[in-house]
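# A structural walkthrough
The chain contents come next:
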Amino acid sequence: MKKAAMAAGVAIVVSGAIGQVHSASWDEKVFTSHVDFDAVAKAGPEALPALIERGRQLFKAKFTLEDGAGRPKATQAIVPTKRKTGTNPPFSRTSGPDSNSCAGCHNDPITGGSADFVANVFVSEGFESAAFDNTDPTFSSERHTIALMGAGLIELLAREMTADLQRARDEAVKQARVGGKDIHADLVAKGVRFGSILAHPDGIVDLDQIEGVDADLVLRPFSRKGVFASIRQFTINAMNIHHGMEATERFGVRWTGTHDFSESGVPDAVTPGDISALVAFQASLPPPTVKQDLPDDWRIAADEGAKQFTALGCASCHIATLPLKSLTFTDPAPYDMAGTLRASETERSIQIDLSKMPFASQLQKNEKGEWLIPLFSDLKRHLMVDAQVNALGNELQAQRFVERDVFLTPRLWGVGSTAPYGHRGDFRSLDEIIRAHGGEARFARDAYLGADKEMRDDVIAFLRSLEIKAP
Amino acid sequence: MTDFPSNDRRLRFPRKQASACVLFVSAIAFVMFCVAPARAEDAPQKPLGDIPIMHEEAAAADLNSVYDGPWEFFVGGGGAAVDCDGSGFPSVFLAGGKNPAKLFVNKSTAGGPLRFEEKPLTFDTGHHELEGIIGAYPIDIDGDGHMDMFVLRVGGNLLLKGGPDCSFTIANKEWGFDGDPGWTTAFAAEWEPGQKFPTLAIGHYVDRHAPGSPWGTCEENSLYRPQPGDKPDYSVRTPLAPGFCALSMLFTDWNKSGTASLRVSNDRQYYRGGEEQMWKIEPDKTPKLYGRADGWRHVSIFGMGIAEGDIDGDGYPEYALTSMGDTKLQKLDAEESGKGEAPVYRDIAGERGATAHIPYAGGDQKPSTGWHSEFADFNNDGLLDLFIAKGNVEQMPDFASFDPNNLLLGQWNGKFAEAGAEAGIALNRKGRGALISDFNLDGKLDILVVNRGAPASLFRNLGAKVDDGPPGPMGNWSEIRLSEPNPNRNAVGAKIAVKTGTRTMMRTIQVGGGDASGHAGWVHVGLGTAERAEIRVQWPDGEWSYPYRVFANQFVVVDRTKAQAAYWYPGR
């Protein structure tokens, strides 16, 4: 990676190597300089506040044509893909670019949060029929904005779970080879079962019985479907889809033969350092909390609702806490692949010690000294519809191998602040979305419906107490 | 698209090349010929993507084999890469010419340095069968799950039956094969419809004993179809005449008809009025040469090695034909071929920057001598690259003496860019055959080059060149192994379509081509930035599979009898 850097007025180290500053103080341009990844990584912890602040600026920034916004000749696809014909309009509410700011959607109740239905986006693979002006699910899957609070903790959980699952697989392969017989191995990470594998003595592993995770056993905790392994991967995709801002680590000359794949007129629009700033901001977003100033009736109901939430079976997927061994967030992430910056492509990683963040003092620990992350999710995908209850089966397209009616267990921390509910935001109230649970969640939904109204109200009171704290 | 000159130094002015007639004299021949003018329209392009660092470590890997000998061994010089011990790691059988052939069992660990251990070959019956070997191709002839080998020799060829733990025995007698005596320099095989065992095509060079040898004495080639029965029986020979001194053969489904034809690349040095050939091989019919009436055009080159690759993903393969002087890159002519009705090809080597006609390093401006050619993706960017082994025949003064191997990296503009020097493969050796395989199963293709008169070179692909620092990771990849019930358990002839987004990378399971060298086992595909891919297989009987959804950076086993692909993990 490029090492040339110059110190700016703030602690963050930035480079003017790609585009020299020609801006006036009133300039609308966002990128008057770019963050130098190597310099930031080398600077260590003292560079983090400025890096995070730069990330916050970029998250809220409104990208301009001078920044490279728009992707006139490229699609929203996850891999560099040219439009077959024509030129993208500056904005398209459907096939994108559909926003010129991350915070355009992620703003409720605070920056990084969720959004109302009006900010829904339309997810398509971006290969065939990449451009569309129709909200019919034949063309895309309409999605409600997910709050990014606590994203760093979520990714760290997923990394540790991935390590557990792959370790189990490796051990099964080893045992099968050594013992000369098939080895059946359960895949369990942090108490969550992801099915099983069958390892044969010849090194072949049958994957038919894997549940809720991809076949490479990389747990991908981001998006409604769970298709992004890291904040970094998610960010690169979102920047392209929603803003037409293309990161060099995926769309640069190395992978496309050109410095301006989308033909925006701006070469190398987004550097790895810029992406790292956005990653640092998101990774350090505090997790949602529990309302502390509840009136007595709500507090009593919420306490009872928490018990019912478990008793009814909701917590079988919406697991209250998952234990986390380390709060050290490294960027790049360990399980990203080519097209998203990898640790082996850098001299050193950026390290963010989340235990130093103010929110860490609010996290509890278990007897092993592990941090308990109260996300109310198992980070596993589940089938959410059945023949009778299929309101969540309103998509027509699979997404990156994940079937149309299978979704990642939503994290319920902050759920009291993120209405409307469901992957499309179809449900205005918590009661509605609970009633829409089918498939693997049908038993808990039926238990909820079978409970008396007071009990159901208690569950709602509990869920409403989980908030994203706004100033 | 916008190009930025600071990082893209493509030069736009045409290079001037004139035809030149040269008289060359060697120990065995003197011939006058003309070097074809280079048809490159642009100056060489600089590679824009990753350049793989190829670390030569044959000695450290305990792989020591020299191909040498008198003029019969000026040509050939190949070997076979094959998983002969069930480890998944490809071991290698290397021809030695006058020296005994050697078998090196792969002892590498996944991602580690390459390491081999020689295993003595015990099939010599006292008739010096280990000597006089030109090259070899792996193929499971009898379908017992152990890879066999066809061994090309001067004299009589060998069918080696594979057994457990890299054991091989001569099966000529058992399989009714008389060795097809002669000077064998080419081989290819396919399973014809309804056959239990493969059809073997054998290419010969000159008849050394004929009057006037070597000129005008090219031996005819042979086709051996399996005879009915429960075990291989190659007692019946069908001549493929005329022969024009074949140096490479390949069964290829050139027009997507589902029926492979046999391409033969011929060394024009020794024939009169000959040309490149393609035989129509239809089940139960006598082979028939494609002629002018079929659209086949006269091409006369010093044909050395054939490589097939679908470089533009249109389903129709392109062919790289190495020669003395410029390499041909043939593409089916879209207008004149009538969508595959006629085999009309045009040479696009010049426009694609793939002529490789003179050395790119060392300053020698004499014509190159190309041998093994093979398409593969060495930097995992999703584009096919072209490797060409180079080396003077022996001491031909009018050809480049220092003639380094080529590593032509595919570029996004459809051209090729030379990276041999930067990659580290530009050694001063006389390359011949080559084995391109992932010897340490790290997802990156390595290269073994059999050299004439010098130890074989073994290049481990360390990863992308990054300034002066340690190598970095390259693109994503997939390595695929097919299996189906007998016959043809390794699906020879199958096509593999790997789709990422709007791009489809094609591979074909083939036995043949190159320079007396072949490999079996994992089929490597670079995926670039894609972390997922859909694999579809067109099995040898023409049936397409449904899509198998796989993640990148995995070894994928596609068993035709199973609904889902499995992953495979190395044991060490």
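Because the structure is a prediction, the values reported are computed rather than measured.

Moving on to the pattern of salt bridges. In total, this model carries 61 salt bridges over all chains according to the counting rule given. For Glu 211 of chain A, the salt bridge is made with Lys 380 of chain A, and the minimal N-O distance between the two is 3.6 Å. Of the two residues, Glu 211 of chain A is situated in the loop between strand S8 (204-206) and helix H4 (231-243) and Lys 380 of chain A in the loop between strand S14 (371-373) and strand S15 (381-383); the sequence distance between them amounts to 169 residues. Its relative accessible area of 37% is what places Glu 211 of chain A among the partly exposed residues. What makes Lys 380 of chain A buried here is its relative accessible area of 9%. We note a salt bridge from Glu 394 of chain B to Arg 452 of chain B, for which the minimum N-O separation is 2.5 Å. With a gap of 58 residues between them, Glu 394 of chain B in the loop between strand S25 (385-390) and strand S26 (406-410) and Arg 452 of chain B in strand S29 (residues 446-452) connect regions that are remote in the sequence. Via salt bridges that share partners, Asp 214, Asp 216, Arg 220 and Arg 381 of chain A together with Glu 531 and Arg 532 of chain B belong to a single interconnected network.

Okay, the interface of chain A and chain B next. Across the contact, 44 residues belong to chain A and 44 residues belong to chain B. Roughly 3700 Å² of surface becomes buried between chain A and chain B when both sides are summed, with 58% attributable to carbon and sulfur atoms. There are three salt bridges connecting chain A and chain B. In this structure, Arg 254 of chain A engages Asp 50 of chain B in a salt bridge whose closest nitrogen and oxygen atoms are separated by 2.7 Å. Our count for the chain A to chain B interface comes out at 14 residue pairs in polar contact (both at pLDDT 80 or more). For the side of chain A that touches chain B, the elements supplying multiple residues, two or more each, are helix H3 (151-179), S8 and helix H6 (253-256) of chain A. Looking at the side of chain A that touches chain B element by element, the count peaks at four residues for H6 of chain A. Here S8 of chain A pairs with strand S40 (residues 566-568) of chain B via two bridges, running antiparallel. The residue bridging Ile 204 of chain A from the neighbouring strand is Trp 568 of chain B, located in S40 of chain B.

With that settled, consider unusual backbone geometry. For the peptide bond that leads from Ala 419 of chain A to Pro 420 of chain A, omega is 0°, which places it in the cis range. Relative to the elements of secondary structure, Pro 420 of chain A occurs in the loop between strand S16 (406-408) and helix H9 (430-435). Cis peptide bonds are those with omega within 30 degrees of zero, and the linkage from Asn 486 of chain B to Pro 487 of chain B qualifies with 0°. Relative to the elements of secondary structure, Pro 487 of chain B occurs in the loop between strand S31 (476-483) and strand S32 (495-500). Phi is positive for Lys 190 of chain A, close to 50°, though the residue is something other than glycine. Counting through the fold element by element, Lys 190 of chain A comes out in the loop between strand S6 (183-189) and strand S7 (192-199). Positive phi is not limited to glycine here, since Ala 516 of chain B has a value of about 55°. Here Ala 516 of chain B is to be found in the loop between strand S34 (511-512) and strand S35 (518-519). Among the residues examined, Ala 516 of chain B registers a relative accessible area of 0% and is labelled buried.

Across a regular strand the side chains alternate sides, sitting on one face of the sheet and then on the other. Residues and elements named next belong to chain B. Burial along strand S21 (residues 318-321) is two-sided: Glu 318 and Ala 320 and Tyr 319 and Leu 321, pointing in opposite directions, are all buried. For S21 and strand S22 (residues 328-332), the ladder comprises three bridges, and the chain directions are antiparallel. Bridging across to S22, Ala 320 finds its partner in Leu 329. Connecting S21 to the antiparallel partner S22 that follows it, the hairpin turn spans six residues, and Gly 325 within it adopts a positive phi of roughly 105°.

Residues and elements named next belong to chain A. One can read the domain layout of chain A as domain 1 (1-146 + 222-285 + 330-352), domain 2 (152-206) and domain 3 (289-325 + 370-467). Placing a centre on the C-alpha atoms of domain 1 and another on those of domain 2 gives a separation of 34 Å. Across the boundary between the two partners, domain 1 contributes 10 residues, which contact seven residues of domain 2. For the domain 1 and domain 2 pair, buried surface summed over both sides reaches about 670 Å², with 55% attributable to carbon and sulfur atoms. When the buried surface of domain 1 facing domain 2 is broken down by residue, Phe 222, Thr 330 and Tyr 335 rank first, second and third, together holding 60% of it. Linking domain 1 with domain 2 are zero salt bridges, by the criterion used here. There are three residue pairs in polar contact (both at pLDDT 80 or more) connecting domain 1 and domain 2.

Glancing now at the sheet that holds S40 of chain B. The strand order S6(A)-S7(A)-S8(A)-S40(B)-S39(B)-S31(B)-S36(B) describes an open sheet built from seven strands, whose pairing is mixed. Edge strands, defined here as strands with exactly one partner in the open sheet, are S6 of chain A together with strand S36 (523-528) of chain B. The sheet shows a mean angle of 35° between the axes of neighbouring strands, direction not considered. Most of the contacts of H3 of chain A go to S6 of chain A, to which it runs at about 170°, and overall it touches S6, S7 and S8 of chain A together with S40 of chain B.

All names here are of chain A. Between the first and last C-alpha of helix H7 (residues 272-283) there are 16 Å, a value that for 12 residues agrees with the 16 Å anticipated at 1.5 Å per step. Among the 12 residues of H7, 12 are classified as buried, and the element is accordingly described as predominantly covered. Within H7, burial applies to Pro 272, Gly 273, Asp 274, Ile 275, Ser 276, Ala 277, Leu 278, Val 279, Ala 280, Phe 281, Gln 282 and Ala 283.

The next point concerns the nonpolar core. Counting 199 residues, the largest nonpolar core has Val 92, Leu 448 and Leu 482 of chain B as the members making the most contacts within it. Here this core gets 11 residues from one element, more than from any other, and that element is H3 of chain A.

A few words now on the packing of helix H8 (residues 296-311) of chain A against helix H11 (residues 453-464) of chain A. Residue and element names in this part refer to chain A. Look at H8 against H11: their axes get within 6 Å of each other, and the N-to-C directions meet at 105°. In terms of orientation, H8 lies roughly perpendicular with respect to H11. Only Met 455, Asp 458, Val 459, Ala 461, Phe 462, Leu 463 and Arg 464 of H11 make contact with H8, whose side of the interface consists of Trp 298, Ala 301, Ala 302, Glu 304, Gly 305, Ala 306, Gln 308 and Phe 309. Looking at the contact of H8 with H11, its residues break down into 10 nonpolar, two polar and three charged.

With that out of the way, let us pick up H4 of chain A. All names here are of chain A. In this model, H4 (13 residues) spans 17 Å end to end at C-alpha, consistent with the 18 Å of a helix rising 1.5 Å per residue. Among the 13 residues of H4, 13 are classified as buried, and the element is accordingly described as predominantly covered. Phi for Gly 244, located one or two positions after H4, is positive at around 70°.

Residue and element names in this part refer to chain A. Running from amino to carboxyl end, H4 crosses H7 at an angle of 115°, the nearest separation of the two axes being 9 Å. The way H4 lies across H7 gives a crossing that is right-handed. Listed contacts from H7 to Ile 231, Arg 232, Phe 234, Thr 235, Ile 236 and Met 239 of H4 are Pro 272, Ile 275, Ser 276, Leu 278, Val 279, Gln 282 and Ala 283. For the contact of H4 with H7, a count of residues per class yields nine nonpolar, three polar and one charged.

Here we come to the environment of Thr 529 of chain B. Tracing the sequence through the fold places Thr 529 of chain B in the loop between S36 and strand S37 (532-538). For Thr 529 of chain B, a relative accessible area of 11% translates into the label buried. Apart from residues no more than four positions distant in its own chain, Thr 529 of chain B is found in contact with Val 79, Pro 80, Arg 250, Trp 255, Ala 338 and Gly 339 of chain A together with Asn 476 of chain B.

Once that is clear, we can look at the state of the cysteines. Under the criterion given, the structure shown has two disulfides over all chains. Between Cys 84 of chain B and Cys 166 of chain B runs a disulfide, and the two sulfur atoms are separated by 2.0 Å. Between Cys 84 of chain B and Cys 166 of chain B, the S-S torsion sits near 80°, and that sign places the bridge as right-handed. Here Cys 84 of chain B, found in the loop between strand S4 (79-82) and strand S5 (91-94), pairs with Cys 166 of chain B, found in the loop between strand S10 (158-163) and strand S11 (167-170); they are 82 residues apart in sequence, far enough to count as distant. The burial state of Cys 84 of chain B is the same as that of Cys 166 of chain B; both residues are buried. The disulfide bridge from Cys 218 of chain B ends at Cys 245 of chain B, spanning 2.1 Å between sulfur atoms. Between Cys 218 of chain B and Cys 245 of chain B, the S-S torsion sits near -105°, and that sign places the bridge as left-handed. Taken together, the residues Cys 218 of chain B in the loop between strand S13 (199-204) and strand S14 (221-224) and Cys 245 of chain B in the loop between strand S15 (237-240) and strand S16 (246-252) connect sequence positions 27 residues apart. For the pair Cys 218 of chain B and Cys 245 of chain B, one class covers both residues: buried. This cysteine, Cys 314 of chain A, is not joined by any disulfide, and Cys 317 of chain A carries the nearest cysteine sulfur, 9.4 Å off. Residue Cys 317 of chain A is classed as buried on the basis of its relative accessible area, which comes to 15%.

Conventions and cut-offs
- Residues numbered from 1 in each chain as written.
- Chains lettered and ligands numbered in written order.
- Predicted model: local features only at pLDDT ≥ 70, side-chain atom pairs only at ≥ 80, totals over all residues.
- Heavy atoms only, no water.
- Salt bridge = Lys/Arg side-chain N within 4 Å of Asp/Glu carboxyl O.
- Helix = DSSP H or I, 4+ residues; strand = E, 2+ residues; numbered from the N terminus.
- Buried < 20%, exposed > 50% of the residue type's maximum accessible area, 1.4 Å probe, protein only.
- Contact = heavy atoms within 4.5 Å.
- Buried area = accessible area lost by both parts, 1.4 Å probe.
- Polar contact = N/O pair within 3.5 Å; in protein donor to acceptor, adjacent residues only side chain to side chain.
- Pairing = 2+ DSSP bridges.
- Domains from an automatic or database assignment.
- Axes fitted to C-alpha atoms, helices over the stretch in contact; angles between N-to-C directions.
- Expected span 1.5 Å × (residues − 1).
- Core = buried A, V, L, I, M, F, W, Y, C linked by side-chain atoms within 4.5 Å.
- Parallel < 35°, antiparallel > 145°, perpendicular 65-115°, else oblique.
- Nonpolar A, V, L, I, M, F, W, Y, C, P; charged D, E, K, R; others polar.
- Left-handed = near helix turned anticlockwise from the far one by under 90°.
- Disulfide = S-S within 2.5 Å.

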